[in-house]
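# Summary of structural features
Below are the chains, spelled out letter by letter.
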Amino acid sequence: MIDPLELVVSICLVLSGIFGLVGSYGMVRLRDVMQQLHAPTKATTLGVGGALLASMIHFGLQEGQFTFHELLITLFLFLTAPVSAQFIAKVHMVGKLRRGDLPKPGTEGEWSIFAPPPEAGESGKAGQTRGGGKTRGVTTNPGA
Amino acid sequence: MFDRIFPHPLLSLVLTATWVALVNSVSAGTVLMGAILGVAIPHVTKAYWPGRMRLRRPLLFAEYAVVVLWDIIVANFQVAAIILFRGRDSIRSAWIPVPLEIDEPEAITILAGTITMTPGTISAVLSADGRALLVHCLDTDDPGTVRDQIKARYERRLKEIFE
Amino acid sequence: MMDAALIFAFGCFSLALVLNLWRLVVGPDRATRILALDTMTIDVIALVVLYGLHIRSQIFFEVSLIIAMVGFVSTVAYCRYVLRGNVIE
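Residue positions are given per chain, counted from 1 along the sequence in the order it is written. All chains are assigned letters beginning with A, and all ligands numbers beginning with 1, in the order in which they are written. Owing to the predicted nature of the model, reporting of local features is limited to residues with pLDDT of at least 70; listing and counting of side-chain atom pairs is limited to 80 or more, with chain, interface and lining totals taken over all residues. To get the side-chain values, all heavy atoms of the structure are used, and hydrogens and water are removed first.

Quick reminder of the rule: UniProt positions are given in the numbering used here, feature names are shortened, and annotations may be inferred rather than shown by experiment.
Per an unreviewed UniProt entry, chain C carries the name Multisubunit potassium/proton antiporter PhaF subunit and comes from Albidovulum inexpectatum. One UniProt comment on chain C, placed under Subcellular location (unreviewed entry), says "Cell membrane". Of chain C, the UniProt comment under Sequence similarities (unreviewed entry) reads exactly: "Belongs to the CPA3 antiporters (TC 2.A.63) subunit F family."

The name given to chain A in an unreviewed UniProt entry is Multisubunit potassium/proton antiporter PhaG subunit, with the source organism recorded as Albidovulum inexpectatum.

## Describing the interface of chain A and chain B
Using the following cut-off: When checking whether two residues touch, look at their non-hydrogen atoms; a contact exists if any pair is within 4.5 Å. As used here, buried area is the combined drop in accessible area, with a 1.4 Å probe, of two parts when they are placed together. We count a salt bridge whenever a side-chain nitrogen from Lys or Arg sits within 4 Å of a carboxyl oxygen from Asp or Glu. In protein, a polar contact means a hydrogen-donor-capable atom and an acceptor-capable atom, both N or O and within 3.5 Å, with residues adjacent in sequence counting only if both atoms are side-chain atoms; elsewhere, any N or O pair within 3.5 Å suffices. Residue polarity is assigned by list, with Asp, Glu, Lys and Arg as charged and Ala, Val, Leu, Ile, Met, Phe, Trp, Tyr, Cys and Pro as nonpolar; anything else, Gly included, falls into the polar class.
On the chain B side, the residues contacting the 55 residues of chain A number 58 residues. Across the chain A/chain B interface, buried area totals approximately 4,800 Å², and carbon plus sulfur atoms make up 66% of it. Put simply, chain A and chain B have zero salt bridges between them. Along the contact surface separating chain A from chain B lie four residue pairs in polar contact (both at pLDDT 80 or more). Taken together, the residues of the side of chain A that touches chain B sort by class into 27 nonpolar, 16 polar and 12 charged.

## Structural notes on the UniProt feature "transmembrane region" (unreviewed entry) in chain A
Quick note on the threshold: Counting from the N terminus, the helices are DSSP H or I runs at least four residues long and the strands are E runs at least two residues long.
The positions UniProt marks with the feature "transmembrane region" (unreviewed entry) are residues 6–28, 40–59 and 71–89 of chain A. Secondary structure within residues 6–28 of chain A divides into 100% helix and 0% strand; the distance between the first and last C-alpha atoms comes to 33 Å.

## Quick notes on the nonpolar core
The cut-off we apply is this: Take the buried Ala, Val, Leu, Ile, Met, Phe, Trp, Tyr and Cys residues and link them wherever side-chain atoms come within 4.5 Å; each set so joined is a nonpolar core. Throughout this description, buried means an accessible area under 20% of the type-specific maximum (1.4 Å probe, protein chains only), exposed means over 50%, and partly exposed covers the range between.
Judged by nonpolar contacts, the single largest core of 32 residues is most densely connected at Leu-13, Val-48 and Ile-73 of chain A together with Ile-45, Leu-50 and Leu-53 of chain C. Elements supplying a minimum of two residues to this core: α1 (4–29), α2 (33–62) and α3 (69–96) of chain A, α2 (9–23) of chain B together with α1 (2–26), α2 (30–54) and α3 (61–84) of chain C. Take this core: its biggest share by element is eight residues, from α2 of chain C. When residues no more than four places from it in sequence are discounted, the contact partners of Ile-45 of chain C are Val-48, Ile-73 and Leu-77 of chain A together with Ser-64, Ile-67 and Ala-68 of chain C. Core analysis: the second largest hydrophobic core is formed by 26 residues, Val-33, Phe-87, Val-91 and Met-93 of chain A among them.

## Let's talk about the UniProt feature "transmembrane region" (unreviewed entry) in chain C
Here, the residues flagged by UniProt with the feature "transmembrane region" (unreviewed entry) are residues 6–22, 34–53 and 59–83 of chain C. Secondary structure within residues 59–83 of chain C divides into 92% helix and 0% strand; the distance between the first and last C-alpha atoms comes to 38 Å.

## Details of unusual backbone geometry
Phi at Arg-56 of chain C takes a positive value of approximately 55°, unusual for a residue other than glycine. Residue placement: Arg-56 of chain C occurs in the loop between α2 and α3.

## Regarding the interface of chain C and chain A
In this assembly, 46 residues from chain C lie in contact with 51 residues from chain A. Counting the contacts that link chain C with chain A gives seven residue pairs in polar contact (both at pLDDT 80 or more). Elements represented by at least two residues in the side of chain C that touches chain A include exactly α1, α2 and α3 of chain C. Partitioning the side of chain C that touches chain A into residue classes produces 31 nonpolar, eight polar and seven charged.

## Comments concerning α1 of chain C
Residues and elements named next belong to chain C. The criterion, for reference: Helix span is expected to be 1.5 Å times the residue number reduced by one.
In this model, α1 (25 residues) spans 36 Å end to end at C-alpha, consistent with the 36 Å of a helix rising 1.5 Å per residue. By the burial criterion, the buried members of α1 are Met-2, Ala-5, Leu-6, Ala-9, Cys-12, Phe-13, Ala-16, Leu-17, Asn-20 and Arg-23. Directly after α1, the chain includes Gly-27, whose backbone phi takes a positive value near 80°.

## Side note on the packing of α1 of chain A against α2 of chain C
The relative placement of two packed helices comes down to the angle between their axes together with the axis-to-axis distance. As a reminder, the rule being used: For helices, the fitted axis covers only the stretch in contact; all axes are lines through C-alpha atoms, and the angles between them, taken along N-to-C directions, range from 0 to 180 degrees. The cut-offs work like this: below 35 degrees is roughly parallel, past 145 is roughly antiparallel, 65 to 115 is roughly perpendicular, and the gaps in between are oblique. Helix crossings are classified by the rotation of the near helix relative to the far one: an anticlockwise turn of less than a right angle makes the crossing left-handed, while a clockwise turn makes it right-handed.
Here α1 of chain A crosses α2 of chain C at 165°, and the two axes come no closer than 11 Å. Of the possible angle classes, the one that applies to α1 of chain A and α2 of chain C is roughly antiparallel. For the crossing formed where α1 of chain A meets α2 of chain C, the hand is left-handed. Of the residues in α2 of chain C, those touching α1 of chain A at Leu-13, Ser-24 and Met-27 of chain A are Leu-35, Ala-36, Thr-39, Asp-43, Leu-50 and Leu-53 of chain C. For the contact of α1 of chain A with α2 of chain C, the residue count by class is six nonpolar, two polar and one charged.

## Topic: the packing of aromatic side chains
To keep it simple, the criterion reads: Put simply, two rings from Phe, Tyr or Trp (the six-membered ring, in Trp's case) pair if the centres are within 6.5 Å, and we call them stacked under 30 degrees between planes, edge-to-face over 60, tilted for the rest.
Following the criterion strictly, the structure yields four aromatic pairs over all chains and no others. Where Phe-76 of chain A meets Phe-72 of chain C, the ring centres are 6.3 Å apart and the plane angle is 85°; that geometry is what we call edge-to-face. Residue Phe-76 of chain A is located in helix α3, and its partner Phe-72 of chain C is located in helix α3; the two belong to separate chains. Geometrically, the ring pair formed by Phe-61 of chain B and Tyr-64 of chain B is tilted, given 6.1 Å between the ring centres and 45° between the ring planes.

What follows is the structure, encoded as C-alpha cells:
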C-alpha cells in the first residue's frame with residue numbers, strides 16, 4: 001500500500017531533480033549568454049522550489065511538525081533571482097554589446113546603460129537599477 | 001500620529017511575519033519580538049525609502065500572485081522543452097522593447113521581476129527616462145505578440161493595483 | 001519510495017553541479033562565469049535541503065538560508081565589481 005503523501009513528496013523530488021539538471025544542461029548547451037541566462041533563472045528556481053515543497057509536505061504532514069520556514073527560502077530565491085539575472089545581463093551588455101545591437105526604446109530617451117550617469121544631487125533622472133524617471137520627493141519629510 | 005509610528009505599515013507587517021517564519025513557531029513571545037522589529041527597522045531605514053508605497057487595491061495582489069505562480073510553472077515546462085528538444089540553431093531569440101504606462105518605481109520593479117520569472121522572457125534594462133523596458137525573449141516568431149501579452153497580462157493588473 | 005526519489009534528486013543536482021563547473025572553467029565570458037557561480041550556489045542550496053530531508057532533520061534550514069544570502073550578495077558584488085571597478089564607493 002502506497003502512502004499518497006509519500007507519492008506526492010516523491011513526485012516533487014523527481015521533478016525538482018529533473019528541472020535542476022535541465023537548467024544546468026541548458027547552460028552548457030545554449031551558446032549566447034542571454035540565452036544561457038534563461039535556463040538557470042527559471043529551471044533552477046522551480047528545482048529548488050520543488051525540493052523545498054517536498055521538505056514542507058514531508059515534515060508538515062507526514063511527521064506532524066508543521067513548518068513554514070521553507071517558504072522563506074522560496075520567497076528569498078524568487079525575489080533575488082530577477083535581480084541577479086538583471087545584473088548579469090547588464091554585465092554582458094556593457095561588455096559586449098554596442099548601441100546598434102539593441103532596438104531603440106521607442107521613447108525619446110536611450111537605454112540607461114548607454115546614457116550618461118546622472119549628476120550627483122540631480123535625482124530626477126536617477127535610477128539605473130530602480131524605477132528611474134520619476135523619483136518622488138527625496139527632500140520632503142516622509143512622516144508629513 | 002499613525003504615520004509617525006509606522007512610516008511603512010506594510011513593511012512592518014512583512015517584517016513581523018518574516019520574524020515569525022524565521023523562528024518557525026507562533027507564540028506570544030515571537031509575535032511580540034517580531035512586532036518590536038517591525039516597528040524599529042522601518043524607523044532605522046526610512047531615510048533610504050522616503051516615499052510611501054501606495055496600494056490602491058491590495059486584494060487584487062492575491063490574484064496577481066496566483067497568475068504569476070501559474071505562469072512560472074508553465075514557463076518552466078516550456079523552457080525545459082526548448083532546451084531539450086530544439087536544435088541550437090532553430091532557437092530564435094529577440095530583443096523586445098516594451099513601452100511602459102506605469103510609472104511608480106515599485107510597480108516597475110515588480111513588473112521587471114515578473115517578466116524575468118515567466119515564460120522565456122528576461123527583463124534586461126530600463127531606458128534612461130524610465131518609460132520603456134528592454135526584454136529578451138528566448139524563442140519567438142512574433143515579438144509584437146509577446147509585448148502585447150506582457151502588457152495585457154501583467155502591466156494592466158499592476159496598473160489596477162497601484163493606480 | 002521517497003528514498004529512491006531522494007537518491008535520484010541527489011544524482012541530478014550533483015550532475016548539474018558538474019555541468020556548471022564545466023561552464024565555469026570553459027567560460028568564455030565573464031558574464032557566463034558569474035552565471036555559472038550563481039547557479040552553483042542554487043544547486044548547493046537544493047543539495048543541503050535534500051540532505052536535511054534524507055536524515056529527517058530540520059537543522060539544516062539555517063544553513064541553506066545563509067548560503068542563499070551569501071550567494072546572492074556575492075553575485076551582486078561580483079557584477080558590481082565588473083561594472084564599476086569597485087564594490088563599495
